[in-house]
Each structure stands twice: as C-alpha cells, then as structure tokens.
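Understanding the architecture of this molecule
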Amino acid sequence: MREIVISVERLSKQYRLGVINHGRLTKDLQSWWARIRSKPDPNIPLGMADARRRTIEGDRFWALQDVSFDVKHGDRLGIIGRNGAGKSTLLKILSRVTAPTKGQIKVKGRVASLLEVGTGFHPELTGRENIFLNGAIMGMKREEIRKKLDEIVAFAEVESFIDTPVKRYSSGMYVRLGFAVAAHLEPDILVVDEVLAVGDVGFQKKCLGKMQDVSRNEGRTVLFVSHNMTAIENLCEVGIFLNDGSVDFIGGASDAVERYISSIRSEMSKSVSERKDSKGDGAAMVSGLRIESIDGRQLQSVPLQAPFALALDVLYKSPQDCSKVEFTILLSDENDVRIMSFQSRLENGALRPRKSMETVRCILAEGLPLSPGEYRLGYSVVVNGLLADKLLNAKVLRVQPARFFESDELPPSFLGRVLWRTRWDQV
Amino acid sequence: MSAKKNVDGEWTTVIKPKANLLNFNIAEVWRYRYLIQLFVRRDFVAVYKQTILGPAWFLIQPIMYTVVYTMVFGNLANLSSDGLPRILFYYSGIMLWQYFAQCLTKTSDTFVANASIFGKVYFPRLTVPISVVITSLITFAIQFALFAGFLIYFMVRGFSVNPNLWILSLPLLLIAMAALGLGSGIIISSVTTKYQDLRHLLSFGVNLWMYATPVVYPLSQVPTQWRWVFVLNPMSAIIESFRYAFTGVGTVSTHHLAATAGMIVVVLLLGVVLFNRVERTFMDVV
C-alpha cells in the first residue's frame, strides 16, 4: 500500500462576481447605496444575474464545491473537465496561488507547479540569469540550479544563446527554456497545466517523455491537466473528471476520459438553451443553433458538399445599444482540433440587430469539403467588442458520404479531414 | 498561505482557508533569501541595461534636484537653510526623501506589478517588498558616498559643519525610514488591489508629503503653533535628526523621536496584518 501524498478534503472555493470588477471606490459606494435602498446593483455585469448561468448565490459563485480525493505516491493523475469545471481553480489552490474558501489540502513533499512556463522571466536578463531567477522563484537553491545548469541548457536546446537576453529569444526557445527549468526541479509532486499545448511537436513529445520519466523512473507524483485526451490516456493511470466544480468520476484514466467524452455527447444532444457552460456577459444570447437546408428545413446531417445553413437564434438584451455584432461559428473534429471558422465580420462587416430576437443564418452555399464523420460546432457572439455569448461543443454536425472525386471513393479520415479536388498531369 | 509543519510532522504543507494575521513566517522568507538576492540583482541590472550613463543615474538625479532646489528655494525664495551650505542642506534632504519615497512607491506597487508572477507560482510574497528595500538601500549607499564627499569638502573649507555622536543613529534612522516606507507601501498596495484610484493619489501624495516635511526648509523656520503637524509626520524627525547628526544643525527632541518610533511601529504592524490578509486572495481580485 503506497502512502497518500496529497489529501484533498472537502475543498470549496467561492469567487465573487460583480464587485471584483469595480476597482473604484465610487462604484463600491454606488453598489452599497443601491443595496441599502434594495434596488438592483447597477454594477453587476449583465447576464451574470441570469438563472441560465451556473450556480450563483447573489454575486458569488462556487468554482469548486466539496471536492475530496487522495493521491498516492507515484500516481500519475489526469484532471479533465470542460472549461469552467474548476480544474484551474484546483491547481491554483494546490500551487498556493490562491487560498480555498473552505476545506483543506494536505501535502507531503515539495510541490512544483507549472501553471505557465517561464514565470518571472525578465526580458532584459540573459538566458543564464533567467534560469537562476526562475529556479529560485520555484524554490530551488543556488547550488541545485548550478548543478543542473548544463542539463537544463541542453534540454532546452539553447546552448548558443545562453548569454543573450531572453527578449531576443523566439517564443519557442522561451517556452523550451521555461519547461527545462521546471522539469529539472526534482519536486516530489509535479503539477502541470496544459503547457504542452505550446511549442513545436518535437518538443511536445520531449516534454511528455520527460514527464513520463519523472513519474515512472524517478517515482514522482504527477498531476496533469489537459484537454488533450490522448495525452491524458498515454501519461496518466488515474483520472478525475470534474464537472461544475465537483468530482463527477474518479478512477482509471481511460474510464475517466470515456466518461468525459460521453458527458460531452449528452451535453451536445441538449438544446443550447439548456446548457450551463456558456460564457459571456449576456448582452446577446443564443437560444438555439440549428442545421438547416437552404430553404429552412431542419436537418440532422448534411451530405458532403451539399449546400446548407447554420441558424443561430439570438436574443438581445437591449438591441438599440448593440452597434456592432459579430458572430463566429467554429468547426472542430471529434478530438477538439479546430478545422475552420466562419466569421460574419469577414463577410458582412459588423451587423446591427434588427429586432430584440432574430435568427441569423450562416449559409454555406458550396457545402463543406470534409470527409464523412462527426464534427462539433461551437459559436461566439461579440457585441460592441465584448464577448456576449460563447459555447464550444454546442452541436454535432454529421457529414454523410457523397460522390466527391471522379471515382466514387473517399480517402480514410486519418489522411486528413479536408477533401480537395486536384488534377494530375503527366509531363 | 500557511505552511506550518504539522504537529506529528506527517504533512509538509497544509493549505487552509485562513492564516494567522500576525504570521510573519520569517523562516520561510529566510529560506528564499537567494530569491531576494536575485530580485535585487534583477532590479539593478534591468534598470540600467541599454542606458548610456548606466549607474551614474543614481547620482545624476539627486544632483539635479539639488541644483534646482538651491536655485528655486535658496536663491529665489530665499528660504533659510539653518546656516548650512545650501548644497549640503538640500542634498541631504533629497537623498533621505528619495530613499523613503522609493521604498514607499515601489512597495505600493507589489501586487499590481507582480500580478502575473503571483498568479502562477507561490513563493513568500514578502520577498518582493524586502528586495525593494534592499535595492533602495544600495542606491542610498551610493548617494551617501557623495554626501560624505560634500561633507568633507565643506569641513575642510572651514564652514561650520559639525558631525557629532548622533552619527551612530544612522542605521536606526535608515531602519526607521525603511519600516515606514515598507509599512505604508504595503498598506497602499493592499488597498490598491481593490481600489486602483489610490495609485493616482499616491504619486502626488508623495510630493505633497515632501513639502510637509522639512526637506526644502528647516524645522526651525516653522512657527511654533504649527509644530504639532510635524510631530505627526514621522519623516520630519528622521530628517532633522540626520541633519543634526552630520552637521550639528537641526531641531531634535526625544519626545518627537519617541512619537515617531511609536507611529512607525503601528504603521508597520498594520501593514503586515493587511499584507497577510491580502496575499491569500488578491489573485481573485486583480
């Protein structure tokens, strides 16, 4: 029986909405005066008071609620969940960046958290100076850093630039150096937040390899947050699925991933207005996203390259105040890899609402040249430059096979999701 | 955040909602002393990289002020300098005031200026204001060397400049100024995380404060019915004591110094209490 190195006990974290955005004494006084007269607070952002958004009590909401779990020595734990499920809050509390509201976490050993790489890098200092600074910020002693210096430099592949100020580094070099310092910290517990999403593919592999090394061969405990399910399944053996601030599932990593994916499926089958994970200030709200034929019949799936339309039902809080409205529809594959986006601004410029409730249609007159399968649609609405409503994984779009090439065949989807016609000449 | 050893020594760290208000956690700050050293180095190196004159700026600034004040307040307004050579009088006041003002303004920026680091990694937050004070102290040491030069020059030229045993109080005066700057800077930084208005107030507030302090005029010139204002201003006793120690001219009273010490202790304690409260949750506010 391995010993427990992290014990999370009934952890809750509450954030305040509205008030935090004031930053000005006059506004606080205004809110206070409104409360006294029991009038609505004029400073709570629009839409926040809406029952449609998550569990809100007055101007407070719980980012984490009663979360408990244990991590054993040497575990590789993957934390998954949708945006806003509380993953980052959990990591922040664990890294002691912010304090919990209730409950506690008990930890055995040194924790190093990589919520970001290159934290505290100063642009004017050289790579070498920044290695020392960054290492010290993360709690390393001078001798430790000195001993590891060559290894860090070699890992980051920046040997020839080590005495150049980092402001002249490419962003790739910057990230590599940052990860290299963190990877050589030798903490007992390593906490990693999606930093691997940056850097080139080769370096990403190297990072994953290093993390595997750290946990398998050196017996360290790793906590890893990612949206990349493949990385989670490869790296982790235990998985936690967070949903709306509480633990939905804890168990084997692949079971957790399964659970997460099926929950996304069931969410997507819900209509947009029932969803609780949308973001934005609510100046405009999308109450429905439909796939339609050009003449307006609702469709479940579209044949490859057949014309169709995406319809958004939009509700404006005060249409006369919306001088600039921009819609974006995002299309990604089932692994959340973004394939394309359709932006109203690029085609029509900024739009103005005609009524307080209207339907906006995005017409794809030439259809989509995508290989048959399931795709995900998401949308965002920006009003006067501010995000009004945004929902990813809002709906599934099924593309059905149809004749596309001269032969009636289609390439397998692992060769690429986008189909393109070509002509082949022999010269 | 509370990083207390558990009684049975089983857990290294227990992360809890509330910390003790007077939890200085000096041991933890001491463990991070190397980081303080690097912060000081960073602040020095970074400020003067890509400048032509480099560290000379440490001296240029107070010299320019001294020249301007000598012309404006000395020659034009004809304010008294307590019989001291004007350069010595103004330079000493400016040097001390700048040390204090630097401690104050840079400390007051702690949370806002470091929000991006504080939001990503934990280390004792107190290391930042402490490194600010050390940086200011080094600047002061450089400026003080020039002051010593002026002092010797005027003594050799036979001006009535009489350093005395009060010189020994210099370390205490420096600590007092650092504590006052640190304490009030921390109070301001704790409050500015929520109310950013105070940052605008601060820059001219420090200027106004200077004119309410015997920097460009001696305390002896202040009418007796207004003296109480200066008793309430901890900086006036410090500057007068410094001038008295190095030149033998100035108004020092033990009552005044005791009141000053008391006020500084209160400000510093209040600052640390506020800092401990804010450092735990300010990331949710910024």
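Turning to the overall build of chain B, a few remarks are in order. A count of helices and strands for chain B gives 12 helices and 1 strand. Its helices and strands in sequence order give chain B the pattern β-α-α-α-α-α-α-α-α-α-α-α-α, from N to C terminus. A globule of 286 residues ought to have a C-alpha radius of gyration of about 19 Å, and chain B, at 21 Å, matches this closely. By principal-axis analysis of the C-alpha atoms, chain B measures approximately 70 × 50 × 35 Å. At a minimum sequence separation of 6, the contacts of chain B that also span at least 24 residues come to 77%.

For the rest of this paragraph, the subject is the overall build of chain A. Counting its regular elements, chain A contains 9 helices and 18 strands. Going through the 427 residues of chain A one by one, you find that 37% of them count as buried. Across chain A, every contact between residues at least 6 apart in sequence was considered, and the portion connecting residues at least 24 apart equals 70%.

Before going further, it helps to examine the interface of chain B and chain A. Many analyses report the size of an interface as the accessible area lost when the parts associate. If you look at the interface, chain B gives 31 residues, while chain A gives 36 residues. Those elements giving two or more residues to the side of chain B that touches chain A turn out to be β1 (13-15), α2 (33-48), α6 (115-118) and α12 (254-281) of chain B. For the side of chain B that touches chain A, the element with the most residues is α2 of chain B, which contributes 6 residues. In the side of chain B that touches chain A, the residues fall into 18 nonpolar, 5 polar and 8 charged.

On to helix α4 (residues 142-156) of chain A, then. Residues and elements named next belong to chain A. Taking 1.5 Å of rise per residue, 15 residues should cover 21 Å, and α4 covers 19 Å from first to last C-alpha, within 8% of that figure. Lys148 marks where α4 bends most, by close to 50°. Buried residues of α4: Ile145, Lys148, Ile152, Phe155 and Ala156, and no others. Phi turns positive, to about 60°, at Glu157, one or two residues after α4.

We now examine the environment of Ala77 of chain B. All names here are of chain B. Note that Ala77 resides in the loop between α3 (57-76) and α4 (86-108). Judged by the 11 C-beta atoms lying within 10 Å of it, Ala77 is exposed. It is 37 Å that separates the C-alpha atoms of Ala77 and Leu268, two residues lying 191 residues apart in sequence.

Residues and elements named next belong to chain B. With 93% of its residues at a pLDDT of 70 or more, chain B has an overall mean of 84. Within the model, pLDDT remains below 50 along residues 1-8, and this stretch shows 15 contacts once partners closer than five positions in the same chain are excluded. Reported for the predicted complex are a pTM of 0.71 and an ipTM of 0.77.

Moving on to unusual backbone geometry. Residues and elements named next belong to chain A. The phi torsion at Asn384 lies on the positive side, around 50°, for a residue other than glycine. Position of Asn384 among the secondary structure elements: in the loop between β17 (373-383) and β18 (386-400). Residue classification places Asn384 among the partly exposed positions, given that 14 C-beta atoms sit within 10 Å. In the Ramachandran plot, Asn393 falls in the positive-phi region, its phi being about 50° despite a non-glycine side chain. Position of Asn393 relative to the elements: it lies in strand β18. The exposure class of Asn393 is buried, given the 20 C-beta atoms found within 10 Å.

Right, let's talk about the confidence of the model for chain A for a bit. All names here are of chain A. Per-chain confidence: chain A averages 83 in pLDDT, with 88% of residues scoring 70 or above. For chain A, strand β2 (residues 56-57) is the element with the lowest average pLDDT, namely 49, and strand β14 (residues 325-333) is the one with the highest, namely 93. Residue range residues 45-56 is modelled with pLDDT below 50. Its contacts to residues more than four positions away, or to other chains, number 25 contacts.

All right, on to the nonpolar core then. Formed by 132 residues in total, the largest nonpolar core has its most connected members in Ile79, Ala182, Val191 and Phe224 of chain A together with Phe100, Cys103 and Met177 of chain B. With 13 residues, the single largest contributor to this core is α4 of chain B. Within the second largest apolar cluster, 28 residues are counted, among which are Ala283, Val302, Val381 and Leu397 of chain A.

With that settled, consider the sheet that holds β17 of chain A. All names here are of chain A. Spatially, the 5 strands line up as an open sheet ordered β12-β18-β17-β14-β15, and their pairing is mixed. Lying at the two open borders of the sheet, with one neighbouring strand each, are β12 (301-303) and β15 (338-343). Ignoring which end each strand starts from, the neighbouring axes of this sheet average 30° apart. Where β17 and β18 come together, 10 bridges link them in antiparallel fashion. In the sheet register, Val382 faces β18, and the bridge partner there is Leu387.

Turning our eyes to something else, we now look at the sheet that holds strand β13 (residues 308-316) of chain A. Residue and element names in this part refer to chain A. Spatially, 3 strands are ordered β11-β13-β16 in an open sheet, and the strand pairing comes out antiparallel. The open sheet has two edge strands, β11 (284-292) and β16 (357-364), and neither has a second partner. Here the strands of the sheet are splayed against their neighbours by 20° on average, with no regard to which way each runs.

To continue, consider the packing of helix α8 (residues 170-192) of chain B against helix α9 (residues 197-211) of chain B. Residues and elements named next belong to chain B. Look at α8 against α9: their axes get within 8 Å of each other, and the N-to-C directions meet at 150°. What the angle tells us is that α8 and α9 run roughly antiparallel. Classified by chirality, the crossing of α9 by α8 is left-handed. For the pair formed by α8 and α9, the contact residues are Ile188, Val191 and Thr192 on the first element and Leu198, Arg199 and Leu202 on the second. For the contact of α8 with α9, a count of residues per class yields 4 nonpolar, 1 polar and 1 charged.

So, on to the environment of Gly93 of chain B. Residue and element names in this part refer to chain B. Tracing the backbone through its elements, the reader meets Gly93 in helix α4. Expressed as a C-alpha distance, the spacing of Gly93 and Ser184, which sit 91 residues apart in the sequence, is 20 Å. Not counting residues up to four positions away in its chain, the partners in contact with Gly93 are Val215, Val216 and Ile239.

Turning to the pairing of β17 of chain A, a few remarks are in order. The side chains of a regular strand alternate, first on one face of the sheet and then on the other. All names here are of chain A. In terms of burial, β17 is largely enclosed, as 8 of its 11 residues are buried. Two elements, β14 and β17, share 9 bridges in a ladder whose sense is antiparallel. Note on β17: the bridge partner recorded for Asp333 is Tyr375. What sits between the antiparallel neighbours β17 and β18 is a turn of 2 residues, in which Asn384 has the positive phi angle 50°.

Residue and element names in this part refer to chain A. Between helix α3 (residues 127-137) and α4, the shortest axis-to-axis distance is 11 Å and the interhelical angle comes to 125°. As judged from the angle between their axes, α3 and α4 are oblique. Considering only the axes of α3 and α4, their crossing is right-handed. Judged by residue contacts, Ile131, Phe132 and Gly135 of α3 engage Ile145, Leu149 and Ile152 from α4. Taken together, the residues of the contact of α3 with α4 sort by class into 5 nonpolar, 1 polar and no charged.

So, how was this worked out
Residues numbered from 1 in each chain as written. Chains lettered and ligands numbered in written order. Predicted model: local features only at pLDDT ≥ 70, side-chain atom pairs only at ≥ 80, totals over all residues. Helix = DSSP H or I, 4+ residues; strand = E, 2+ residues; numbered from the N terminus. Rg over C-alpha atoms; globule rule 2.2 N^0.38 Å. Contact = placed C-beta atoms within 7 Å. Buried ≥ 20, exposed ≤ 12 C-beta atoms within 10 Å, placed from the backbone. Nonpolar A, V, L, I, M, F, W, Y, C, P; charged D, E, K, R; others polar. Expected span 1.5 Å × (residues − 1). Bend = angle between axes of the 7 residues up to and from the residue. pLDDT = per-residue confidence, 0-100. Core = buried A, V, L, I, M, F, W, Y, C linked by C-beta atoms within 7 Å. Pairing = 2+ DSSP bridges. Axes fitted to C-alpha atoms, helices over the stretch in contact; angles between N-to-C directions. Parallel < 35°, antiparallel > 145°, perpendicular 65-115°, else oblique. Left-handed = near helix turned anticlockwise from the far one by under 90°.

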